[in-house]
Amino acid sequence: MKSLSDEILNLIEDSDLSYKEVASMAGVSARSIYEIKNRGTIGFITILKIAQVCNGADYHTKMSKWCHLLTTTEGIKHAFEYAAIKRDIELLGDLLDSAEGDDALSAYYGIYSLIYRFMRKEIAFLDLYDLLKQVRISKDKNLMVIVDIYKCYLLYYQKDFLGILQSANIIEKEIQNISQERSAFFRQCYIYRLAEVLMPVHLHFNNFEASRKFAKILLYSNISNKTMSDGYHCIGMTYLGRDKDVCIKSLERSYELMKEIERTDLIEESRMHLELARLYYEVKEGAAIQGVAGFAERMRLRSDSDFIKYFEYRLENSLSKLYEGYKYFFSRKNFLFANLIADDLACFGVDLAQVEALKSINLSEKVEFDFEEEVVNCFSYWNRISIARVS
């Protein structure tokens, strides 16, 4: 079997590019390419960038093969996170099988084997965080961060959105303390993971500017169609009731991306959110929608879906029902839908000053997130270079 360095050099040589050209396109020094040849050493992000320069959008096929060839402890740690964040269950399983019994990898094996079992639906989501906490990770900063991020995932499932914001402020500082040299890849992955959970939380709290910022991190990262779809969905929802064209086009893009994955439930949910947004504007423009009985069943969404709840209050065409709806969403700190109902109050003759007063109530708690949209750049490098190479 060829070594990783042989595989990389062969790929470069099979292309029509010189070492210097590959180094330039990958944004690394030419010296780092020659070190592969002379010493067989290379960083994980450099490997990822070379795969993208030479294979374009199909880089994951090459990366999956190369991850199997990693022999250093640090390289295998990086490969665990790469497989997990790419949601490649087969790759992660193979890597774990190869690493089983390696004392130097015991903590990482413990964490990522649980993530692997969760991805295979062998562990219930509600049990995952408690199991992760039981793994002995010593003082490994990288693993401490990912365990804390999974706590945020649990809080999101429990709808403790304020708890997420409070935890995220701590996690953001932990990420800042991760080395930008040895652990640059982990740093980017964790920023991405944190953005993935903070995006819908800020949408819930009607903090549109922050929500869009986190959405743009996911879009710029371009790691998977699922999270890209989530990003466009979030952007669309921030414009609901504010810019119909941007809202509908973003939700259409979300639906198109979701159709690329093999999850019929998520595809249907994305489609229904698009239909509900269209229905929102139809009602806003005066269309009469008769009856709310069985509305959730007809829309094929859970009866506790925020959109379903909104329409149950809105389609009664009753001022008292709208106030009841505002109270329902406000009590749950769901300022997005509380404000949508506040806008509807104006259509029923409520004084605009009162409507604006209701909409002005918001959450002061925010996350000090100092990372730029382009910070997670190692997965989408192929899309920013001036070539599209497919071997």
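Residues numbered from 1 in each chain as written. Predicted model: local features only at pLDDT ≥ 70, side-chain atom pairs only at ≥ 80, totals over all residues. Heavy atoms only, no water.

## What about the pattern of salt bridges?
As a reminder of what qualifies: What counts as a salt bridge is simple: a side-chain nitrogen of Lys or Arg found within 4 Å of a carboxyl oxygen of Asp or Glu. For the purposes of this entry, the term helix denotes a DSSP run of H or I that reaches at least four residues, the term strand denotes a run of E that reaches at least two, and both are numbered from the N terminus.
Under the counting rule described, the total for this entry stands at 21 salt bridges. Between Glu 74 and Lys 77 there is a salt bridge; the shortest N-O distance is 3.2 Å. Residue Glu 74 and its partner Lys 77 are both found in helix H6 (residues 73–85); the two are separated by three residues, about one turn of the helix. Where Lys 133 meets Asp 130, a salt bridge forms, and the shortest distance between an N and an O atom there is 3.7 Å. Separated by three residues within a single helix, Lys 133 and Asp 130 lie in helix H9 (residues 125–133), roughly one turn from each other. By sharing partners, the salt bridges in this structure join Glu 74, Lys 77 and Arg 182 into a single network.

## Digging into the packing of aromatic side chains
Short version of the rule: Working definition: a ring pair exists when centres of Phe, Tyr or Trp rings (six-membered ring for Trp) sit within 6.5 Å. Plane angles under 30 degrees give stacked, over 60 give edge-to-face, the rest tilted. Exposure is judged per residue with a 1.4 Å probe applied to protein chains only, and the accessible area is read against the type maximum: over 50% gives exposed, under 20% gives buried, and values in between give partly exposed. Our definition puts a charge over a ring when NZ of Lys or CZ of Arg is within 6 Å of the ring centre and also within 35 degrees of the ring normal.
Under the criterion given, the structure shown has 27 aromatic pairs. Where Phe 185 meets Phe 186, the ring centres are 6.4 Å apart and the plane angle is 65°; that geometry is what we call edge-to-face. Of the two residues examined, Phe 185 and Phe 186, each falls in the buried class. An aromatic cluster of at least three residues, connected via ring pairs, comprises Phe 44, Phe 80, Tyr 82, Tyr 108, Tyr 112, Phe 185, Phe 186, Tyr 190 and Phe 379. The cationic tip of Arg 212 hangs over the ring face of Tyr 239; the distance from NZ or CZ to the ring centre is 3.9 Å.

## Observations concerning the confidence of the model for the chain
In low-pLDDT segments, the atomic positions of the prediction should not be examined closely. Put simply, the test is: What pLDDT expresses is the predictor's confidence in each residue, scored from 0 to 100. We call two residues contacting when some pair of their heavy atoms lies within 4.5 Å.
Scored by pLDDT, the chain comes out at a mean of 87, with 90% of its residues at no less than 70. Taken as a whole, residues 386–391 scores under 50 in pLDDT and shows 15 contacts with residues more than four places along the chain or in a different chain.

## Describing unusual backbone geometry
Even without being a glycine, Arg 87 presents a positive backbone phi close to 60°. Among the secondary structure elements, Arg 87 is positioned in the loop between H6 and helix H7 (89–99). The residue Lys 159 is not glycine, and still its phi comes out positive at about 60°. Residue position: Lys 159 is located in the loop between helix H10 (141–157) and helix H11 (161–176). Note on Lys 159: relative accessible area 48%, which makes it partly exposed.

## Here's the deal with the packing of helix H1 (residues 4–14) against helix H5 (residues 59–69)
Packed helices, taken two at a time, are described by the angle between their axes plus the distance between the axes. Inclusion rule: Only C-alpha atoms enter the line fits that serve as axes; for helices the fit covers just the stretch in contact. Angles between N-to-C directions range over 0 to 180 degrees. Note on angle classes: values under 35 degrees are labelled roughly parallel, values over 145 roughly antiparallel, values of 65 to 115 roughly perpendicular, and the remainder oblique. Classes in brief: Ala, Val, Leu, Ile, Met, Phe, Trp, Tyr, Cys and Pro nonpolar; Asp, Glu, Lys and Arg charged; the others, Gly included, polar.
It is at 9 Å that the axes of H1 and H5 come closest, and there the two elements cross at 150°. Classified by the angle between their axes, H1 and H5 sit roughly antiparallel to one another. Residues Leu 4, Glu 7, Ile 8 and Leu 11 of H1 pack against Lys 62, Lys 65, Trp 66 and Leu 69 of H5. Tallied by class, residues from the contact of H1 with H5 come to five nonpolar, no polar and three charged.

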